[in-house]
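Coordinate inspection notes
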Amino acid sequence: MVDAARHPKIDVRTYTQVERVEGFVGNFKVQLREKARYVIADRCNGCGDCAKVCPIEVPNRFELDLAPRKAAYVAMSQSVPLLYTIDQEACIHCYKCVEACGALDAIDFSQEDKIVWEDIGAIVVATGFNHFDPSVIPEYGYNQYPNVITAMEMERLNNSAGPTVGNLIRPSDGENPKRLAIINCVGSRDKRFNPWCSNFCCMYAIKNAVLLKQMYPEIELSIYYIDIRTPSKGYEEFYERAREMGIKFIQGRPSLITEDKKSHNLFVHSEDITLGLVTEYEYDMVMLNQAAVPQPDVDSVSSVLNIQQSPGGWFMEYHPKLRPLDTPTDGIFIAGACQGPKDIPASVASGSATASRAGRILHSDEWEIEPIIAQVWEDRCVSADGKKCGICAKACPYNAITVEVGTAAQVTTAKCHGCGGCVAECPHNAITQLHYTDAQILAQIRALLADKPEEKIFAFRCHWCSYGGADMAGTSHFEYSANERGVRVMCSARMDTDFIYEAYRLGAGAVLYSGCHPQDCHYITGQLVGASRAERLQKIFDKMGMSPGRFRIEWISAAEGQKYANVIDEMQQTIDEIGKEKLLAEIESMKPEMEKRARRMYEVPDVTDASDYSDKMKIAMTLEVVDIGK
Amino acid sequence: MSESPNPEELRIGVYVCHCGTNIAGVIPPDEVAEWASHLPGVVHAADTLYACADSGQTLIKNDIKKYNLNRVVVSACSVRMHEATFRGAVSEAGLNPFLMEMANIREQCTWAHGHDKEGALKKAKDLTAAAIAKARFLAPLEMITVPVTKRAMVIGGGVAGISTALDLADQGIETILVEKEPTIGGVMAQLNKTFPTMDCSI
Ligand SMILES: Cc1cc2nc3c(=O)[nH]c(=O)nc-3n(C[C@H](O)[C@H](O)[C@H](O)COP(=O)(O)OP(=O)(O)OC[C@H]3O[C@@H](n4cnc5c(N)ncnc54)[C@H](O)[C@@H]3O)c2cc1C
Ligand code: SF4
Ligand code: SF4
Ligand code: SF4
């Protein structure tokens, strides 16, 4: 900790939050809110005179409310930086602290939050984890029985820097416990709460047992467990040592804890699987190894930084095997337990690894990004003819398009992230997206619907989420109907109405319009553009009398493989229920309308040539390198 | 973008991967390749045991020269897995990397339809055909280069964030470490002695 604060290249900004992130790899702009501490950093020498005179006491969250702190406080004596903070919520403005600070004059009640912008090349997110609140499991009696404590409370109680100076005492009477039960997997590996294994609690259960045994050789210690998980180097040996020290391991998940009202002793009711018995043992104290859970503000952090979440709310890696610390956004990485429970060695290793991932970028003078950006066909843009339009600019989440009447819309290359929203929104087909042109996408649709289209479930998927969800379905071997056929675009914003009409014109049995959940969108608001278009389409199809379910809108994250498989299977069921004859009749009757609606795109250069895939090649193509107008 | 049709002949090479038994255990890749070889624009189609392995990449690179290919379609796994690999391979053989297109016949086909071999085969053919169809319209593109601000930001000052910041700073990179609490340290600062070394945590 101190090393970080002393390092000349590290600028530690505590009491600070990230509010906005703009830009792209190598060129992020980050907005920070430096919260007012009411203490001037360069003047405070950490003497603590203010805290001594402060009359207000509130529970110290750092001590898990086991000890008080003042309204003028540091979280702990080893705080880095050692800089006092005045808690405005608790402060009664008696100004005794100002007096006590005296000549140093470090307290300034007129301070306000400061908003600063920083230019940043790469970002590492290491926001950590939170602790499951065991009071939601009523049968364990946490918050009802004073001698049931959490593992975090234990860490403070047997800590020489903690509120009891390392003397482990029972909250009910201040006595040292003689019999302690440690219960594993509290809120972990439990479908009612969190399905995951919290990774480090088996080890800290053993750690605390070993430490307590060394401190109080007479203490009886029992660890209740489902499985003991000690896979890292040296961990199994550590477990073995604990057994040799006489620590008892009871295999079973306790079903109930009861209390003797007078002594406040506790009875742990549990099966002992090894002995095949139902047991009820008495203890002086019980420690609950609460699950590691995501931070409570994980949703807002994900949306500010554009990071997706795995099931449960952990930050999701771009690829679990090949890019385990990257996020889908180039230049943003994840380290430590924010990705999922990790112990200290694993957290440090991932921290070092992300420093190397980020270093690749930060040591380069230039970085390459994919040229899959929007391009305007100037002669087709009506703005160039003096008409008011600008629909494209409204769709763009990045303000990358400027439209002035009299000239064609202009895309600023460096600002365009390539969602394709403007391309699909332009009513005049005056914009294309490189590598995801109308012609390219239509050629795919036509190839996929060439044979028995009425049997097909045609899925439009966005690159980051629903295509990832389809991958996840496969990776997890969740099987679904093999009649699914899909194309991938970068964002649901790119899913042009024309593509949907064309799929139906060609006779598709059903069409899925799928992208990310709104909060996961890789392009800030691209999904909103896609979603409102999809809803418009739904209304049109309803009006046309399309059978319900033949058009379906679903938001599927890259983690939701099961959902992807279920949606496809439900759509298969829908077309099965309609029946082939009725389906074919419906497709046929709607064809003229679909053709009329899809017609617009036949005006696009290149597209007519994509019309008949099985036809002899007569395609328009260019082998010149495309000038992307940098 | 040039709109004028340039009738240069299309020469597409198609590679259908076995991925060991991941793909070949469900569908016959050689049959997909044989079928693809008759599609318009395709001048050569082959199956390969592991397209991503050195041998597979070498095959593609050699074929680009041998058959004078100007488009490559790799029918294998997810773009999220190996698009960068195959873009790299074709560009080593002198082809613009954006003239390579993938079909995902593993995650989105054989792994998802393992018990419907017939359905999976039809789908693998269609997915390969769609990639070929798109390949016919691919245009070569140049990467965009952007400048890099040589400053890092680490968000969260727990043990992970501190390690990241120290390693970046030791590489000479100016680093801002942002922590929402009044002190850095995270959960580790609250702990007693820590395993595996059992030393004090701070
Ligand atoms: C009871 C218990 C005992 C343990 N004992 C051990 C042990 O003995 N050995 C061991 O190896 N591991 C142990 N662990 C695990 C250890 O705590 C974790 O491995 C470690 O804390 C993970 O570090 P981290 O930096 O990823 O996350 P954290 O420690 O959670 O740190 C995250 C930091 O980010 C900050 N932050 C969060 N959100 C934001 C935001 N939006 N903006 C800015 N800052 C933010 C937080 O305030 C915090 O400072 C134990 C865990 C528990 C619960
Ligand atoms: S590490 Fe052990 S105690 Fe923690 S959830 Fe996993 S199995 Fe349960
Ligand atoms: S939406 Fe299309 S026509 Fe309208 S200004 Fe934009 S590019 Fe021009
Ligand atoms: S809408 Fe999307 S594709 Fe169009 S300019 Fe904006 S970022 Fe680029």
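Parameters and conventions
Residue positions are given per chain, counting from 1 as you read along its sequence in written order. The naming scheme follows written order: chains are lettered A onward, ligands numbered 1 onward. Residue-level local features of this predicted model are given only where pLDDT is at least 70; pairs of side-chain atoms are given and counted only at 80 or more, and the full residue set underlies all totals for whole chains, interfaces and linings. For side-chain calculations, the full set of non-hydrogen atoms in the structure is used, while hydrogens and water are omitted. Helix numbering and strand numbering both begin at the N terminus, where a helix is a DSSP run of H or I of at least 4 residues and a strand a DSSP run of E of at least 2. For the radius of gyration, the atom set is restricted to C-alpha positions; the globular benchmark scales as 2.2 Å times the number of residues to the power 0.38. Partly exposed residues are those whose accessible area sits between 20% and 50% of the maximum for their type, while under 20% is buried and over 50% is exposed, using a 1.4 Å probe and protein chains only. Any two residues whose heavy atoms approach within 4.5 Å are treated as being in contact. Using a 1.4 Å probe, the Shrake-Rupley method yields the accessible areas, and only the shown protein chains count as cover for residues. In this tally Asp and Glu are treated as negative and Lys and Arg as positive; neither His nor the chain ends contributes. Lysine's charge is taken at NZ, arginine's at CZ, aspartate's at CG and glutamate's at CD. We call a residue near a molecule or strand when any one of its heavy atoms sits within 4 Å of it. In this count, Pro and Cys sit with the nonpolar residues alongside Ala, Val, Leu, Ile, Met, Phe, Trp and Tyr, while Asp, Glu, Lys and Arg are called charged and the others, Gly among them, polar. For Phe, Tyr and Trp, where Trp contributes only its six-membered ring, two rings pair if their centres lie within 6.5 Å, and the inter-plane angle classes them as stacked under 30 degrees, edge-to-face over 60, or tilted in between. Charge-over-ring placement is defined geometrically: NZ (Lys) or CZ (Arg) within 6 Å of the ring centre, and within 35 degrees of the ring normal. Only strands joined by at least two bridges in the DSSP assignment are considered to pair. All axes are obtained by fitting lines to C-alpha atoms, using only the stretch in contact for helices, and the reported angles, taken between N-to-C directions, cover 0 to 180 degrees. Throughout, buried area stands for the accessible area (probe radius 1.4 Å) lost by two parts on being put together, summed over both. By convention in these notes, a salt bridge is any Lys or Arg side-chain nitrogen within 4 Å of a carboxyl oxygen on Asp or Glu. Polar contacts, as used here, are pairs of N or O atoms within 3.5 Å; protein pairs need one atom able to donate a hydrogen and one able to accept it. Residues neighboring in sequence count only if both atoms are side-chain atoms. Residue-level confidence of the predictor, termed pLDDT, takes values from 0 up to 100. Nonpolar cores are built from buried Ala, Val, Leu, Ile, Met, Phe, Trp, Tyr and Cys residues. Side-chain atoms within 4.5 Å join them into one set. Throughout, right-handed denotes a crossover for which the path from the first strand over the helix to the second runs clockwise when the strands point away from the viewer. Note on angle classes: values under 35 degrees are labelled roughly parallel, values over 145 roughly antiparallel, values of 65 to 115 roughly perpendicular, and the remainder oblique. When the near helix sits turned anticlockwise from the far one by under a right angle, the crossing is termed left-handed; a clockwise turn instead gives a right-handed crossing.

This brings us to the overall build of chain B. A tally of helices and strands in chain B yields 7 helices and 7 strands. Along the chain direction, N to C, the helices and strands of chain B fall in the order β-α-α-β-α-β-α-β-α-α-β-β-α-β. The C-alpha atoms of chain B give a radius of gyration of 24 Å, which is well past the 17 Å a tight globule of 202 residues would have. In terms of overall dimensions, chain B has C-alpha extents of about 70 × 45 × 30 Å along its principal axes. By residue count, 66% of the 202 residues in chain B fall in the buried class. For chain B, the proportion of contacts with a sequence separation of at least 24, taken over those separated by at least 6, is 66%. A total accessible area of about 6900 Å² is found for chain B, and carbon and sulfur atoms account for 52% of it. For chain B, the distance from the average position of its 18 positive side-chain charges to the average position of its 23 negative side-chain charges is 1 Å.

For ligand 3, the full set of nearby residues is A:Cys381, A:Val382, A:Cys389, A:Gly390, A:Ile391, A:Cys392, A:Val403, A:Ala409, A:Cys426, A:Pro427, A:His428 and A:Ile431. Per-class residue counts for the shell around ligand 3 are 10 nonpolar, 2 polar and no charged.

Glancing now at the packing of aromatic side chains. Evaluation of the coordinates by the stated rule reveals 18 aromatic pairs over all chains. When the centroid spacing of 6.2 Å and the interplanar angle of 20° are considered together, the rings of A:Tyr38 and A:Phe109 count as stacked. Of this pair, A:Tyr38 sits in the loop between strand S3 (27–34) and helix H2 (49–53) while A:Phe109 sits in the loop between helix H3 (96–101) and strand S8 (114–120); the two residues are 71 residues apart in sequence, bridging distant segments of the chain. The exposure class of A:Tyr38 is buried, given its relative accessible area of 15%. Aromatic ring contacts, followed pair by pair, group A:Tyr501, A:Tyr504, A:Tyr513, A:Phe541, A:Phe551 and A:Trp555 into a single cluster. The side chain of B:Arg80 reaches across the aromatic face of A:Tyr318, ending 5.1 Å from its centre.

So, about the side chain of A:Asp87. Residues and elements named next belong to chain A. For Asp87, the position within the fold is in the loop between strand S7 (85–86) and H3. We classify Asp87 as buried; its relative accessible area is 15%. Excluding anything up to four places from it in sequence, Asp87 contacts Val58, Arg69, Ala71 and Tyr73.

For sheets, the rule is that strands pair by backbone hydrogen bonds, running either parallel or antiparallel. As summarised here, the arrangement of the 5 strands in space is S1(A)-S7(B)-S6(B)-S9(A)-S20(A), forming an open sheet in which the pairing is parallel. Looking at which strands have only one partner, the edges of the open sheet turn out to be strand S1 (10–13) and strand S20 (332–334) of chain A. The average angle at which neighbouring strand axes cross in this sheet is 20°, direction not considered. Where S1(A) lies against strand S7 (residues 174–178) of chain B, 4 bridges are found, and the strand directions are parallel. Opposite A:Asp11, over in S7(B), you have B:Ile176 as the bridge partner. In the packing of helix H7 (residues 159–170) of chain B onto the sheet, the strands contacted are S1 and strand S9 (122–125) of chain A together with strand S6 (151–155) and S7 of chain B, and the crossing angle to S7(B) comes to about 165°.

What follows concerns unusual backbone geometry. Residues and elements named next belong to chain A. Of note, the amide linkage connecting Val80 to Pro81 takes the cis form, showing an omega dihedral of 0°. Its place among the elements puts Pro81 in the loop between strand S6 (72–73) and S7. Of note, Ile524 is a non-glycine position whose phi angle comes to about 55°, a positive value. One can find Ile524 in the loop between strand S28 (510–515) and helix H14 (526–544).

Taken together, the contact pairs 142 residues of chain A with 102 residues of chain B. For the chain A and chain B pair, buried surface summed over both sides reaches about 11100 Å², with 62% attributable to carbon and sulfur atoms. Where chain A touches chain B, the interface holds 8 salt bridges. The salt bridge involving B:Lys150 is made with A:Asp365; its shortest N-O contact spans 3.1 Å. Connecting chain A to chain B are 58 residue pairs in polar contact (both at pLDDT 80 or more). At 13 residues, helix H8 (residues 344–362) of chain A tops the list of elements feeding residues into the side of chain A that touches chain B. In the side of chain A that touches chain B, the residues fall into 72 nonpolar, 38 polar and 32 charged. Where S9(A) and S6(B) come together, 4 bridges link them in parallel fashion. The residue bridging A:Ala122 from the neighbouring strand is B:Ala152, located in S6(B).

Interpreting fine coordinate detail is not advised for predicted regions of low pLDDT. A residue-level look at chain A finds 95% of positions with pLDDT of 70 or above and a mean pLDDT of 92. Confidence drops under pLDDT 50 across residues 608–630 of chain A; counting only partners more than four residues distant or on other chains, this segment forms 68 contacts.

Grouped together as the largest cluster of nonpolar side chains are 153 residues, with contacts concentrated most on A:Ile445 and B:Val72. Examining the composition of this core, we find that 10 residues originate from one element, helix H6 (residues 117–135) of chain B, more than from any other. Sequence-distant contacts of B:Val72, that is, excluding residues within four places in its chain, are made with B:Gly13, B:Tyr15, B:Ile60, B:Ile64, B:Val90, B:Leu95, B:Leu99, B:Met100 and B:Glu101. Counting residues in hydrophobic clusters, the runner-up holds 61 residues, among them A:Leu180, A:Tyr235, A:Ile257 and A:Val286.

Around ligand 4, the surrounding shell holds 13 residues, and the nearest of these are A:Cys396, A:Cys416, A:Cys419, A:Gly420 and A:Cys422. Tallied by class, the residues present in the shell around ligand 4 amount to 10 nonpolar, 3 polar and no charged.

Enumeration over the complete set of coordinates arrives at 53 salt bridges over all chains. A:Arg488 is the salt-bridge partner of B:Glu83, the closest N and O atoms lying 3.9 Å from each other. One end of the pair, B:Glu83, is in helix H4 (residues 79–92); the other, A:Arg488, is in strand S27 (residues 484–489), on a second chain. For the pair B:Glu83 and A:Arg488, one class covers both residues: buried. The partner of A:Glu593 in a salt bridge is A:Lys596, with the nearest N and O atoms 3.6 Å apart. In this pair, A:Glu593 and A:Lys596 both sit in helix H16 (residues 580–598), 3 residues apart, roughly one turn of the helix. Using a relative accessible area of 25% as the deciding quantity, one classes A:Glu593 as partly exposed. Through salt bridges with shared partners, one network takes in A:Asp11, A:Arg13, A:Glu34, A:Lys114, A:Glu118, B:Arg151 and B:Glu174.

Our focus in this paragraph is the pairing of strand S12 (residues 179–186) of chain A. Two faces, one strand: in a regular strand the side chains alternate between the faces of the sheet. Among the 8 residues of S12(A), 7 are classified as buried, and the element is accordingly described as predominantly covered. In this view, the connection linking S12(A) to its parallel neighbour strand S13 (residues 220–225) of chain A by way of helix H5 (residues 201–215) of chain A has right-handed handedness.

Our next topic: the sheet that holds S27(A). Residues and elements named next belong to chain A. Strand order in the open sheet formed by 4 strands is S27-S26-S28-S29, and the pairing between neighbours is parallel. Because the sheet does not close on itself, it has two edges, and the strands there are S27 and strand S29 (551–555). Going across the sheet, the axis of each strand differs from the next one's by a mean of 20°, ignoring polarity. In this structure, strand S26 (residues 457–462) lies alongside S28, joined through 4 bridges in parallel fashion. Note that in S28 the partner of Ala459 across the bridge is Leu512. Contacts from helix H13 (residues 497–505) reach S26, S28 and S29, with the element oriented near 155° to S28.

Let us look at the packing of helix H11 (residues 438–448) of chain A against H13(A). Residue and element names in this part refer to chain A. With their axes 10 Å apart at the nearest point, H11 and H13 run at an angle of 25° to one another. Viewed along their axes, H11 and H13 adopt a mutual orientation that is roughly parallel. Considering how the two elements wind past one another, H11 and H13 form a crossing that is right-handed. From H11, Asp438, Ile441, Leu442, Ile445 and Arg446 reach across to H13, where they touch Phe499, Glu502 and Ala503. Partitioned by chemical class, the residues of the contact of H11 with H13 number 5 nonpolar, no polar and 3 charged.

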